[in-house]
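Structural characterization, general
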Amino acid sequence: MPKKLQSPSGMHDIFGSQYDYFQKVREVVFKNAEIYGFQGIETPVIEDTEIFTRGTGKFTDIVEKEMYTFKTKGGDRVSLRPEGTPPIMRAFIQHGLYTKPQPVKFFYFAPYFRYERPQAGRYRQFWQFGFETIGRGGPVVDTQVIVLVYNILKELGIKNVVTEINSMGDEKCREEYKKALKKHLKKQSSRLCTDCKRRVEKNPLRALDCKKCLEVKAEAPQILDHICKKCCEDFRRVLEFLEEVEIPYDLNPFLVRGLDYYTGVVYEFFARSKKSGEEEFLALGGGGRYDGLSAALGGEERPATGAAMGVERIVLLMKKNGEVYEKEKPRVFIAQLGDLAKKKSLKLFEELKKANIPVAEAFGQDSLKNQMSRAAKLEADIAIIIGKEEAAEDKVILRDMDSGGQEKVKTSEIIKEVKKKLKE
Ligand code: ATP
Ligand code: MG
C-alpha cells in the first residue's frame, strides 16, 4: 500500500460539481461538433513515442521535458499522449482516410498527460477538447475552426476572450525567417536564458515562446515581414473572414505556439481578467494550420487545420463567473417502506422512466422521514409513497409536495394520474 492514499501528483478525481461543469462543457462541445459536421474520434491513450518525436517535434518542451515515456514488457518505446493532433493524423494515415470525401473532420474530448510542475490550472493529467480538419484546407476552413471554438467559449459564458493570431509561414519561407531570428538571437546571446541559448541552434522559434527572454523577443525581427506572398495572402483572408463574422482578434507577431508542426495561420485564445489592478491572461487553447504533419509522420503532404482547448482552465473560469449548472430536476420521487414496497418501487421506477417522467429515489434508505426530506431537497413535484399497507393493497399514495395534499391511487393508474397531476 502507498503511505498516503491519494491520487498521483498533478492528477485529480473529477466528481460532484466539478463533474457537472465538465459535463456542461462536454454537452456544448458535442452539440456544436455535430452542427459543424465533426465526427468523434477516440485514439489510444498510448502511442509509439515516435508519433510525438516526429509529430509534435523533438525539440519542443512537450517532447523534451513533459512526456511520460516508458518501455513495454515487449520492448516497445511508448508514451502517454501529451496532445491529440499527431495520434489523429496517425489514424488518418493508417486507415487510409484520404480515400474518403475530403476533408475529414474529427473532434475529441479526452485526457492528456504532461509531466509538468502542478499548479493552479496546470496538471499532469488534464482534459482537452479539439477539432481537426484534414485533407482539404484554406483560409475559410481555418476561420471556421476559430469561429467554432469562439462560439463554444461564448456559449459556456466565458467573457473577455482575446484571440491572438499570427502566421508562421510555410516550411520554405519560415526557413528565411529562422535565419534572421537566429542572427538576432546570436547577437543577444548574453541576455538569453540557458534554455534559449540551446534553442538558438536547434529550434530558434522556441525562443519566441520563452516566458523569460521577453526583452530579446520584443526586439526580434517579425515573421510577417519574411513570409511568402501566398502565406501573406492566406493570412490576410483569414483576418478578412474573421471581420466578416465579427470575431475580434489581436495580431501577435511573436505567437508561434509550442509545437513544431504548424504552418501558416496560428492562433491562441486567452481569457482576460484583472487581478489587483493588473491585467492577467489565462491561455485557454489554440490551434492553426499544420500542412506538414502528415509528411512528418510518413504520409503524403495533406492540408490540415485544428485547435485544442484546455477543459480545466475553461471550468476554472466558469466557476469564477459563478455559473451553476443544475441538472434536470426530478418531477417525481419514489419513497418506500418494507421489502414488498422496495420490490414494487423498483418496477415503478422503470415504468416512470419509460414514460419519460424524470424520477428519483433513495432505495438504500429505510426511513420514510429521510426519504421525504430528500424528495424536498431535490424539489420533486410529487412523491409516490409505498408503505407496507399500500404495497399489500396494490396501491400507492400520491403526495403533492407543494400543498401536502395526498390521495391513494391504484398501481395500474399511477402513470396516468402522475401525468395528469404534472400537467396541472
Ligand atoms: P502553456 O503555455 O500554458 O503550457 P501550451 O502551449 O503547453 O500551454 P497547448 O499545448 O497549446 O498548451 O494546449 C492547449 C491548452 O491545453 C492550453 O491552452 C491549456 O488550456 C491546456 N493545457 C495545456 N497543458 C496543460 C496542463 N498541464 N494542465 C492543464 N491544462 C493544460
Ligand atoms: Mg505547456
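As the structure is a computational prediction, the values presented were derived from the model and not from experiment.

Before going further, it helps to spend a moment on the layout of surface pockets. As a volume, the second largest pocket reaches approximately 350 Å³. Along its surface, the second largest pocket is lined by 21 residues, and Asp-170, Lys-230, Asp-234, Arg-289 and Asp-291 are the ones closest to its centre. Of all the secondary structure elements, the ones that give two or more residues to the lining of the second largest pocket are helix H5 (139-155), helix H6 (171-187) and helix H9 (229-244). It is H9 that provides the largest number of residues to the lining of the second largest pocket, a total of five residues. Across the lining of the second largest pocket, the residue classes tally to six nonpolar, six polar and nine charged.

This paragraph deals with the side chain of Glu-268. Locating Glu-268 in the fold gives a position in strand E9 (residues 265-275). A distance of 3.1 Å separates the side chain of Glu-268 from the side chain of Arg-257, its partner in a polar contact. Those residues in contact with Glu-268 that sit more than four places away from it in its chain are Val-162, Thr-163, Glu-164, Leu-255, Arg-257, Ala-283, Gly-285 and Gly-286.

Our focus in this paragraph is empty space enclosed by the protein. Scanning the model with the defined rule gives four cavities of 30 Å³ or more in all. Here the largest cavity defines a volume of roughly 40 Å³. Contributing to the lining of the largest cavity are Ile-41, Glu-42, Thr-43, Arg-81, Gly-84, Ile-88, Tyr-108, Ala-110 and Tyr-112. Counting residues per element, the lining of the largest cavity draws most heavily on strand E5 (residues 104-113), which supplies three residues. Residue composition of the lining of the largest cavity, by class: five nonpolar, two polar and two charged.

As a further point, take the pattern of salt bridges. Tallying each qualifying case throughout the model produces 35 salt bridges. For Lys-344, the salt bridge goes to Asp-394, with nearest N and O atoms at 2.8 Å. Taken together, the positions of Lys-344 in helix H12 (residues 339-354) and Asp-394 in the loop between helix H14 (388-393) and strand E15 (395-400) put the pair 50 residues apart, joining distant regions of the chain. Note on Asp-394: relative accessible area 40%, which makes it partly exposed.

In this section: the packing of aromatic side chains. One pass over the full model with this rule turns up 15 aromatic pairs. Relative to Trp-127, the ring of Phe-22 has its centre 6.0 Å away and its plane inclined at 90 degrees; by these criteria the two rings are edge-to-face. Taken together, the residues span a long stretch of sequence, with Phe-22 in helix H1 (residues 16-35) and Trp-127 in strand E6 (residues 125-134) at a distance of 105 residues. The pair formed by Phe-22 and Trp-127 is uniform in burial state, with each residue classed as buried. The interplanar angle of 70 degrees and the centroid separation of 5.9 Å between the aromatic rings of Tyr-108 and Tyr-112 together place this pair among those described as edge-to-face. Of the residues examined, Tyr-108 reaches a relative accessible area of 2% and is grouped as buried. Overall, the relative accessible area of 2% leaves Tyr-112 in the buried class. Here the aromatic residues Phe-22, Phe-30, Phe-38, Phe-107, Phe-109, Trp-127, Phe-129 and Phe-131 are joined through ring pairs into a cluster of three or more. Over the ring of Tyr-112 we find Arg-81, and its NZ or CZ is 4.6 Å from the ring centre. Note that Lys-105 overlies the ring of Phe-38, its terminal NZ or CZ placed 4.9 Å from the centroid.

Moving on, we get to the site of ligand 1. The environment of ligand 1 is made up of 15 residues, and the closest members are Arg-114, Glu-116, Arg-122, Tyr-123 and Arg-257. Here Arg-122 contributes a side-chain N or O atom positioned 2.8 Å from an oxygen atom of ligand 1. The contact in question runs from an oxygen atom of ligand 1 to an N or O atom on the side chain of Arg-313, over 3.2 Å. Look at ligand 1: alone it shows 580 Å² of surface, and the protein chains cover 91% of it. Considering every element that reaches the shell around ligand 1, the biggest residue donor is strand E10 (residues 278-289), with three residues. A per-class count over the shell around ligand 1 returns five nonpolar, four polar and six charged.

The rules behind each value
Residues numbered from 1 in each chain as written. Chains lettered and ligands numbered in written order. Predicted model: local features only at pLDDT ≥ 70, side-chain atom pairs only at ≥ 80, totals over all residues. Heavy atoms only, no water. 1 Å grid on protein atoms, 1.4 Å probe; cavity = no way out; pocket = protein on both sides within 12 Å on 5 of 7 lines; lining within 4 Å. Points joined across faces, edges and corners; volume = space filled by probe spheres on them. Helix = DSSP H or I, 4+ residues; strand = E, 2+ residues; numbered from the N terminus. Nonpolar A, V, L, I, M, F, W, Y, C, P; charged D, E, K, R; others polar. Polar contact = N/O pair within 3.5 Å; in protein donor to acceptor, adjacent residues only side chain to side chain. Contact = heavy atoms within 4.5 Å. Salt bridge = Lys/Arg side-chain N within 4 Å of Asp/Glu carboxyl O. Buried < 20%, exposed > 50% of the residue type's maximum accessible area, 1.4 Å probe, protein only. Phe/Tyr/Trp six-rings, centres within 6.5 Å; stacked < 30°, edge-to-face > 60°. Lys NZ or Arg CZ within 6 Å of the ring centre and 35° of its normal. Near = heavy atom within 4 Å. Areas by Shrake-Rupley, 256 points an atom, 1.4 Å probe, with all protein chains shown as cover.

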